[in-house]
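Here is how the chains run, residue by residue.
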Amino acid sequence: MLWTSASADPLPSWNEGKAKQSLLDFVAKVTQEGSPEFVPASERIATFDNDGTLWCERPLPVQLFFALDRVKALAPKHPEWQEKQPFKAVLEGDLKAVFAGGEKALLELMMTTHAGMTTDEFESVVKDWIATAKHPKYKRPYTDLVYQPMLELLTYLRAKGFKTYVVSGGGVEFMRPWMEKAYGIPPEQVMGSSIQVKYELRNGQPVLRRLPQLDFNDDKAGKPVAIHRFIGRRPVMAFGNSDGDFEMLEWTTSAPGPRFGLLVHHTDAEREYAYDRQAALGRLDRGLDEAPKRNWTVVDMKKDWKKVFPFEPLKP
């Protein structure tokens, strides 16, 4: 039996339509014992991108805001940054100049602001920042900018025996300190990009020191690699919002048996942001073209969601 016979709506912030029904029907058929497409609980793995899929990634990814604030906080100890790019541009508030430096400049910002401390020290810095920093448009903590429909989906899937994982291009140690509270996803179920760490003793105490060297880039083709390495099972369901998630959805849905892929399409400039094919960050181009051919569900944020954020009223 499909979900339509159930008494309570597990996804109240989703409008009735193809996107919502495809989710409910798929979960019903893979969790109903006796169904020809039944999937045992041990194999019910669902992977989610983070930025733009579970929370807002505009006007910049949240971790980049964190890096910019870290430059300003560390600047008194680095007077040379007043004349050195990309730090000079950050201190002058010239984001255009920051991005003009390309990936090399952004990587330098990330390495400089995220390394040189122990893992415990970094976790403390992240927790302090995420508790006080606010989104420039909404004037709310970034953890208020999580998507209510996706929170409901996470809860629904876990109630149906799924294990939910985050597989993000963001830094894994930036995400782990706050994700369990925000999404109900524990640190051991969070995968992301990482820098190298080194075990050493400080005053006789063992610590892990963060080094300014990239260890793993968990984006695009890196996502299936991370899933294979850290989960050891191919997901049954995969969720993303950009072409950076394409390989994760492709790898998930090309496997035998029932599989489900979903892309969140940002179409709501009024409640959130509207962007896709021409976006510099979070571009969704190939995914839009390939989704119909691969039977992936595309969520139209404006049409399919009654509300975007938890603090909003439901949209009729």
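Residues numbered from 1 in each chain as written. Predicted model: local features only at pLDDT ≥ 70, side-chain atom pairs only at ≥ 80, totals over all residues. Heavy atoms only, no water.

What should I look at first to understand unusual backbone geometry in this one?
The phi angle of most residues is negative, glycine excepted, and most peptide bonds adopt the trans form. Geometrically, the link from Arg58 to Pro59 is a cis peptide bond, its omega value of 0 degrees lying close to zero. Backbone geometry at Asn203 places phi at a positive 50 degrees, although glycine is not the residue there. For Asn203, the position within the fold is in the loop between strand S3 (190-202) and strand S4 (205-216). In the Ramachandran plot, Asn295 falls in the positive-phi region, its phi being about 65 degrees despite a non-glycine side chain. (Helix = DSSP H or I, 4+ residues; strand = E, 2+ residues; numbered from the N terminus.)

Help me understand helix H6 (residues 119-132), please; the structure alone is not making it clear to me.
Quick reminder: α-helices carry 3.6 residues per turn. Residues three or four places apart thus point the same way. Here H6 spans 20 Å end to end across 14 residues, near enough to the 20 Å set by a 1.5 Å rise per residue. Along H6, the residues classified as buried are Thr119, Phe122, Val126, Trp129 and Ile130. The buried side chains of H6 occupy one side of the element, clustering within an arc of 95 degrees when seen end-on. Those residues of H6 that are exposed and angled more than 90 degrees off the buried face are Asp120, Asp128, Ala131 and Thr132. In this structure, the buried side of H6 is in contact with helix H2 (62-74), helix H5 (102-114), helix H8 (172-183), S3 and S4. (Expected span 1.5 Å × (residues − 1). Buried < 20%, exposed > 50% of the residue type's maximum accessible area, 1.4 Å probe, protein only. Arc of directions from axis to C-beta. Contact = heavy atoms within 4.5 Å.)

Hey, could you run me through the environment of Lys127 in this one?
Tracing the sequence through the fold places Lys127 in helix H6. Sequence separation between Lys127 and Ala238 is 111 residues, and the spatial gap between their C-alpha atoms is 28 Å.

Just to check I follow, could you spell out the pattern of salt bridges for this structure?
Oppositely charged side chains may form a pair once their charged atoms are brought near each other. Enumeration over the complete set of coordinates arrives at 19 salt bridges. With a shortest N-O distance of 2.8 Å, Glu16 and Lys20 are connected by a salt bridge. For Lys293, the salt bridge identified is with Glu290, shortest N-O distance 3.7 Å. Highlighted residues: Lys293 and Glu290, both in helix H11 (residues 286-294), separated by 3 residues, approximately one helical turn. Given a relative accessible area of 65%, Lys293 falls into the exposed group. (Salt bridge = Lys/Arg side-chain N within 4 Å of Asp/Glu carboxyl O.)

Any chance you could explain a nonpolar patch on the surface here in plain terms?
Where nonpolar side chains cluster on the molecular surface, the patch consists of Val197, Tyr199, Leu201 and Leu208 and spans about 410 Å² of accessible area. When you line up the elements, Val197 lands in strand S3. (Patch = residues over 30% accessible without salt bridge, like charges linked within 9 Å, V, L, I, M, F, W, Y side chains within 5 Å. Areas by Shrake-Rupley, 256 points an atom, 1.4 Å probe, with all protein chains shown as cover.)

It is worth stressing that arrangement in space is one thing and function is another; only the former is reported here.
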